Amino acid sequence: MKKLTIITIVLLILTGCQTQKEEDTLNISVSFYPLSYFTQEIVGKHGTVFNVLDKGSDAHDYEPSIQDRIQIEESDIFIHNGFHLEHWVDKTLDSIKNDNLVVVETSFGIDPILRGQHPDPHIWLDPFLAETQIDNIYEAIIYKDPEHLEYYEKRYLDLKTKMHDLQASFNESLIDAKGKSIVLEHEIFSYISSRYGFKQVSISGILPEGEPSIQQLSQVVEYINEHEIKHMLLSKYDATKVIDTISKEADVNVLLIDSMEIGNGDFDYFKIMKANLESIKEALQDE
């Protein structure tokens, strides 16, 4: 298989272009939802995008089925995030026999923020870094199917325009964020917190996993009140019981965020990112 960590016109000339027949469409497999959205926006009617991640599954913990592996092996392009988000990728690709499969690691060209010894994988939550992911996806698509370059380019540029608008919204909303802090369960906004100079305070380990007991919830409420936390960012996928209890019992404003790591059939990257931005902005306003 061909692993394209960077794709340039020069490389294409040196290695030779592989073209699709005019009547063919690209068969593309992706590892999770943000990449599926970006890919579909670019490829449009000239490609079929298969999302390996099942609805309701978590990108961090997902194990591909045998059918998933077959689907990837039969694809023209396989696109994944990189930075060790998908722990299963290397093993899966080693077992695949398809010399023409183009593998795109969309984190290529991005300087990682390290958490311990590992890179933080949440690059799609920074619209400036997500643009780099889009660039890498686009280059793979036009490499595989140069026949429809004009079609792909128009859709790619339209997608870039939307991303630039989102970047402008982040710049405008977080211009005064430096030195402030947000409280959330997991530090998923490392890249934008670094970009705009605010701090993430993680309460990982305080919130219970799954459906909590009354005692666990009481401890969470006590922790929030003791530390005088005014705003808390919680994942929309946290147990309803946790969100409802904290909202009612603790003197805190619960704001919902979406990391997009959980499979969801109804997905709009830009809508979710704008909602995340509103939650972050509100969490910062009283700091």
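Scope of this entry: the structure provided in the associated data block.

Parameters and conventions
Residues numbered from 1 in each chain as written. Predicted model: local features only at pLDDT ≥ 70, side-chain atom pairs only at ≥ 80, totals over all residues. Heavy atoms only, no water. Helix = DSSP H or I, 4+ residues; strand = E, 2+ residues; numbered from the N terminus. Buried < 20%, exposed > 50% of the residue type's maximum accessible area, 1.4 Å probe, protein only. Contact = heavy atoms within 4.5 Å. Areas by Shrake-Rupley, 256 points an atom, 1.4 Å probe, with all protein chains shown as cover. Axes fitted to C-alpha atoms, helices over the stretch in contact; angles between N-to-C directions. Parallel < 35°, antiparallel > 145°, perpendicular 65-115°, else oblique. Nonpolar A, V, L, I, M, F, W, Y, C, P; charged D, E, K, R; others polar. Pairing = 2+ DSSP bridges. Polar contact = N/O pair within 3.5 Å; in protein donor to acceptor, adjacent residues only side chain to side chain. Salt bridge = Lys/Arg side-chain N within 4 Å of Asp/Glu carboxyl O.

In this section: the overall build of the chain. Regarding its fold elements, the chain presents ten helices and eleven strands. In the chain, which comprises 287 residues, the share counted as buried stands at 52%. Pairs at least 24 residues apart make up 67% of the contacts formed inside the chain by residues separated by at least 6 positions. Of the roughly 14000 Å² of accessible surface on the chain, 48% is carried by carbon and sulfur atoms.

It is worth spelling out the environment of S57 at this point. Tracing the chain through its elements places S57 in the loop between β3 (47-51) and α3 (66-73). On the basis of relative accessibility, which here comes to 18%, the residue S57 falls in the buried class. Ignoring sequence-local partners within four residues, the contact set of S57 consists of Y62, E261, I262 and G263.

Quick look at the packing of helix α2 (residues 33-43) against helix α6 (residues 149-173) now. For the pair α2 and α6, the least separation of the axes is 7 Å and the interaxial angle reads 135°. Classed by the angle they form, the pair α2 and α6 counts as oblique. Packed against α2, whose contacting residues are F38, Q40, E41, I42 and V43, the element α6 presents Y151, Y152, R155, Y156, L159, K162 and M163 at the interface. Within the contact of α2 with α6, the residues separate by chemical class into eight nonpolar, one polar and three charged.

The side-chain alternation of β3 yields one buried face, formed by G47, V49 and N51, and one unburied face, formed by T48 and F50. In the sheet, strand β2 (residues 26-30) pairs with β3 via five bridges, with the strands oriented parallel. Following the sheet pairing, I28 is matched in β3 by V49.

Further remarks concern the side chain of E86. Turning to its location among the elements, E86 is positioned in the loop between β4 (77-80) and α4 (89-94). On the basis of relative accessibility, which here comes to 6%, the residue E86 falls in the buried class. Of the polar contacts made by the side chain of E86, one reaches the backbone nitrogen of N81; its length is 2.7 Å. Non-local contacts of E86, meaning those with residues more than four positions away in its chain, are made with S31, F32, H80 and N81.

The subject of this paragraph is the pattern of salt bridges. Tallied over the full model, the rule gives eight salt bridges. The salt bridge involving R195 is made with D126; its shortest N-O contact spans 2.9 Å. Taken together, the positions of R195 in helix α7 (residues 190-196) and D126 in the loop between β7 (118-119) and α5 (127-144) put the pair 69 residues apart, joining distant regions of the chain. One salt bridge connects E131 with K160, and the closest N-O pair in it is separated by 2.8 Å. Placement of the pair is E131 in helix α5 and K160 in helix α6, with a sequence separation of 29 residues. Side by side, E131 and K160 carry an identical accessibility label, which is buried. Within the structure, one salt-bridge network assembled from shared partners comprises E131, D135 and K160.

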